[in-house]
Amino acid sequence: MSVSLAVTHLVPLAKELDKDKVTPGVLGFIVFAVMALAVWGLMKSMNKHMGKVDFTETPDASVEETTTDAGGKTTPAKG
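What counts and what doesn't
By convention here, each chain's residues receive numbers from 1 onward along its written sequence. Local features in this predicted model are restricted to residues whose pLDDT is 70 or higher, and side-chain atom pairs enter the listing and the counts only when it is 80 or higher, whereas totals over whole chains, interfaces and linings include all residues. As a rule here, side-chain values cover all heavy atoms of the structure and leave hydrogens and water aside. Secondary structure elements are defined from DSSP: runs of H or I of at least 4 residues count as helices, runs of E of at least 2 residues count as strands, and each element is numbered from the N terminus. Three exposure classes are used, based on accessible area relative to the maximum for each residue type with a 1.4 Å probe and protein chains only: buried under 20%, partly exposed in between, and exposed over 50%. Surface accessibility in these figures is a Shrake-Rupley result with a 1.4 Å probe; residues are shielded only by whichever protein chains are displayed. Exposure above 30% relative accessible area and the absence of a salt bridge qualify a residue for a patch, where like charges join within 9 Å and nonpolar side chains (Val, Leu, Ile, Met, Phe, Trp, Tyr) within 5 Å. When a carboxyl oxygen of Asp or Glu lies within 4 Å of a side-chain nitrogen of Lys or Arg, that pair is called a salt bridge. Residues adjacent in sequence count toward polar contacts only when both atoms are side-chain atoms; beyond that, a polar contact is any pair of N or O atoms within 3.5 Å, and within protein one must be able to donate a hydrogen and the other to accept it. pLDDT is defined as a per-residue confidence score from the predictor, taking values between 0 and 100. Here the expected length of a helix is defined as 1.5 Å per residue gap, with one fewer gap than residues.

Visitor: Give a detailed account of the overall build of the protein chain, specifying residues and quantitative values.
Guide: Check the secondary structure of the protein chain and you find two helices and two strands. The order of helices and strands in the protein chain, counted from the N terminus, is α-α-β-β. When each of the 79 residues of the protein chain is scored for burial, the buried share is 0%. Per element, the accessible surface of the protein chain, about 8,100 Å² overall, is 67% carbon and sulfur.

Structure below.
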């Protein structure tokens, strides 16, 4: 009930506005604020997850070193 009362008070104000001027208004601000909070939360979460990542590479013993000769054939490395 109070929403319809608020709308009836805003209708006369809307008639005073210039019809050629378009502004985002309160709804645009709310949408922008929600999107900004979502991006902030995603960046905070990403930062937490990136902190858990271990960047040290462990040598894989199952992969043998190989070299490519002039003909493009792969051969085991000598040495």
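Visitor: Please set out a nonpolar patch on the surface residue by residue, giving values where relevant.
Guide: A cluster of nonpolar side chains, namely Val26, Phe29, Ile30 and Val34, defines an oily patch on the protein surface of about 420 Å² accessible area. Tracing the backbone through its elements, the reader meets Phe29 in helix 2 (residues 25–52). You can call Phe29 exposed: its relative accessible area is 57%.

Visitor: Tell me about the environment of Thr56, and please be specific about residues and values.
Guide: Within the fold, Thr56 resides in the loop between helix 2 and strand 1 (66–68). At a separation of 3.1 Å, a polar atom in the side chain of Thr56 contacts the side chain of Asp54.

Visitor: Could you give an account of the confidence of the model for the protein chain, with specific residues and numbers?
Guide: Scored by pLDDT, the protein chain has a mean of 76; 54% of the residues are at 70 or more. Averaged pLDDT values over the elements of the protein chain bottom out at 59 in strand 1 and peak at 95 in helix 2.

Visitor: Give a detailed account of helix 2, specifying residues and quantitative values.
Guide: For helix 2, built from 28 residues, the straight-helix expectation of 40 Å at 1.5 Å per residue is met to within 8% by its first-to-last C-alpha distance of 42 Å. Burial analysis of helix 2 places just zero of its 28 residues in the buried class, which makes it a mostly uncovered element.

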